[in-house]
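Secondary and tertiary structure notes
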Amino acid sequence: MVNGINLIDAIRGRRTILDYKPDKIKRELLMEILTNASFAPNHHMKEPWKLKIYEEDSRSKFGEKVVDSYIRLGLLKTLNEGKLKKAREAYDRFFTSVPHHILFYMDKEDNGGYLDDENFAAICAFIQNFQLLAWEKGIGTMWTAKETLRDEVFIRDVGLSPNEHRLVAVVQVGYPNKVPKGKERTPIQESIEWIQA
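Not measured: the values here are computed from a predicted model. Each residue is numbered by its place in its chain's sequence as written, counting from 1. Local features in this predicted model are restricted to residues of pLDDT 70 or higher, and side-chain atom pairs are both shown and tallied only at a pLDDT of 80 or more, whereas totals for entire chains, interfaces and linings draw on every residue. The basis for every side-chain value is the complete set of heavy atoms in the structure, and neither hydrogens nor water enter the calculation.

Quick word on the packing of helix α3 (residues 58-72) against helix α4 (residues 81-97)
Quick note on the threshold: Every axis in this analysis is a line fitted to C-alpha atoms, fitted for helices over the stretch in contact. Angles between the N-to-C directions lie between 0 and 180 degrees. A run of H or I in DSSP becomes a helix once it reaches four residues, and a run of E becomes a strand once it reaches two; helices and strands are each numbered from the N terminus. Our angle categories are set so that under 35 degrees counts as roughly parallel, over 145 as roughly antiparallel, 65 to 115 as roughly perpendicular, and the remainder as oblique. If you view the pair so one helix is near and one far, a crossing is left-handed when the near helix is turned anticlockwise from the far one by less than a right angle, and right-handed when it is turned clockwise. The contact definition used throughout considers only heavy atoms, calling two residues in contact when any of these lie within 4.5 Å. Following the grouping adopted for this structure description, the nonpolar residues are Ala, Val, Leu, Ile, Met, Phe, Trp, Tyr, Cys and Pro, the charged ones are Asp, Glu, Lys and Arg, and the polar ones are all others, Gly among them.
In contact at an axis separation of 9 Å, α3 and α4 are set at 140° when each is read in the N-to-C sense. Taken together, the axes of α3 and α4 lie oblique to each other. You can see that α3 and α4 cross each other, and the crossing is right-handed. Between α3 and α4, the residues in contact are Arg59, Ser60, Phe62, Gly63, Glu64, Val66, Val67, Asp68, Tyr70 and Ile71 and Leu84, Arg88, Tyr91, Asp92, Phe95 and Thr96, respectively. Across the contact of α3 with α4, the residue classes break down as eight nonpolar, three polar and five charged.

Notes on the packing of aromatic side chains
This is how the line gets drawn: Stacked, tilted and edge-to-face pairs are distinguished by plane angle, under 30 degrees for stacked and over 60 for edge-to-face with tilted covering the rest, among Phe, Tyr and Trp rings (Trp via its six-membered ring) whose centres lie within 6.5 Å. For every residue, the accessible area (1.4 Å probe, protein chains only) is compared with the maximum for its type, and the residue is labelled buried under 20%, exposed over 50%, or partly exposed between those bounds.
Evaluated as defined, the whole model comprises seven aromatic pairs. An angle of 55° between the planes, with centres 6.0 Å apart, marks the rings of Phe62 and Phe154 as tilted. Separated by 92 residues along the polypeptide, Phe62 in helix α3 and Phe154 in helix α6 (residues 152-157) bring together distant segments of the chain. A single burial state applies to Phe62 and to Phe154, both of which are buried. Centre to centre, the rings of Phe104 and Phe126 are 5.7 Å apart; their planes meet at 65°, and the pair counts as edge-to-face. Separated by 22 residues along the polypeptide, Phe104 in strand β3 (residues 100-107) and Phe126 in helix α5 (residues 114-136) bring together distant segments of the chain.

Quick notes on the environment of Ile25
Here Ile25 shows up in the loop between β1 (19-20) and α2 (27-37). The class of Ile25 is buried, set by a relative accessible area of 2%. Put simply, Ile25 and His100 are 75 residues apart on the chain and 8.2 Å apart in space, counted from C-alpha to C-alpha. Residues contacting Ile25, with those up to four places away along its chain left out, are Leu30, His100, Ile139, Val173, Gly174 and Tyr175.

So, the nonpolar core
Across soluble globular proteins, nonpolar side chains have a tendency to be buried as a group. Note the threshold: Residues belong to one nonpolar core when they are buried, are Ala, Val, Leu, Ile, Met, Phe, Trp, Tyr or Cys, and are joined through side-chain atoms within 4.5 Å.
Ranked by size, the top nonpolar core spans 22 residues in total, and within it Phe104, Ile123, Phe126, Ile127, Phe130, Val168 and Val173 carry the most contacts. Secondary-structure elements contributing two or more residues to this core are α2, β3, α5 and β5 (165-174). The biggest single contributor to this core is α5, with seven residues. For Phe126, the residues in contact, after removing those within four places along its chain, are Leu34, Ala37, Ser38, Ala40, Trp49, Leu51 and Phe104. Counting residues in each nonpolar core, the second largest holds 16 residues, with Leu76, Tyr105, Leu149 and Val170 among its members.

With respect to the pattern of salt bridges
Our working rule: We count a salt bridge whenever a side-chain nitrogen from Lys or Arg sits within 4 Å of a carboxyl oxygen from Asp or Glu.
Taken as a whole and assessed by the stated rule, the structure comprises nine salt bridges. Across the pair Lys137 and Glu32 runs a salt bridge, and its minimum N-O distance is 3.3 Å. In this pair, Lys137 is assigned in the loop between α5 and β4 (140-144) and Glu32 in helix α2, connecting sequence segments 105 residues apart. The exposure class assigned to Lys137 is partly exposed, which follows from its relative accessible area of 38%. What makes Glu32 partly exposed here is its relative accessible area of 36%. Across the pair Arg156 and Glu152 runs a salt bridge whose closest N-O atoms are separated by 3.8 Å. With Arg156 and Glu152 both in helix α6, this residue pair falls four residues apart, about one helical turn. Classification of Glu152 as partly exposed rests on a relative accessible area of 45%.

Describing the pairing of β4
Quick reminder of the rule: Pairs of strands are assigned from DSSP output, requiring at least two bridges between the strands.
With respect to burial, β4 is a largely interior element, four of its five residues being buried. The sheet contact formed by β4 and β5 spans five bridges and is antiparallel. Bridge assignment links Met142 to a residue of β5, and that residue is Gln172.

So, the pairing of β5
Counting buried positions along β5 yields nine of 10 residues, so the element is predominantly enclosed. Relative to β5, β3 is paired through eight bridges, and the arrangement is antiparallel. Residue pairing across strands places Asp107 opposite His165, the latter belonging to β5.

The following block contains the structure:
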């Protein structure tokens, strides 16, 4: 137990949420959670995380840019024109059903070298902190990282530069409408090699 919070329960109990209530999270609460999440480990205290938070009308526009990227990348190539139109409508319903979409990104430091790897890892730690702190407040999240994050046109579409920025993840955020059951994990022993000499 740390300050009355059972960390094991938070880690093991958190779920990826696909279905959200329409209620927005108060900005003050989101800021509190993000502030606390920013105490993630990061080399030389660079605090490399940057965020764009899409809410209200911007959700539909953001979703449209995501679907445009899916089409460019060939992820929806099996759909004919009619099915593609229906898919766009379904994606729009999804994006507008989630109260907040947070795009996490960073400034490139050495164009994919170890400094960028360190910063990327720090942002991933920040996101995990955010997910656990949000869960403790009854807020659900879904961490997504698709090929879109490397699509140079998409990166420009969200107002960033492929030469200067690296996108890390998009995290959907809101109060859960439905919480899925947990899934079993592979025994950790299968991933460990003990070396003593």
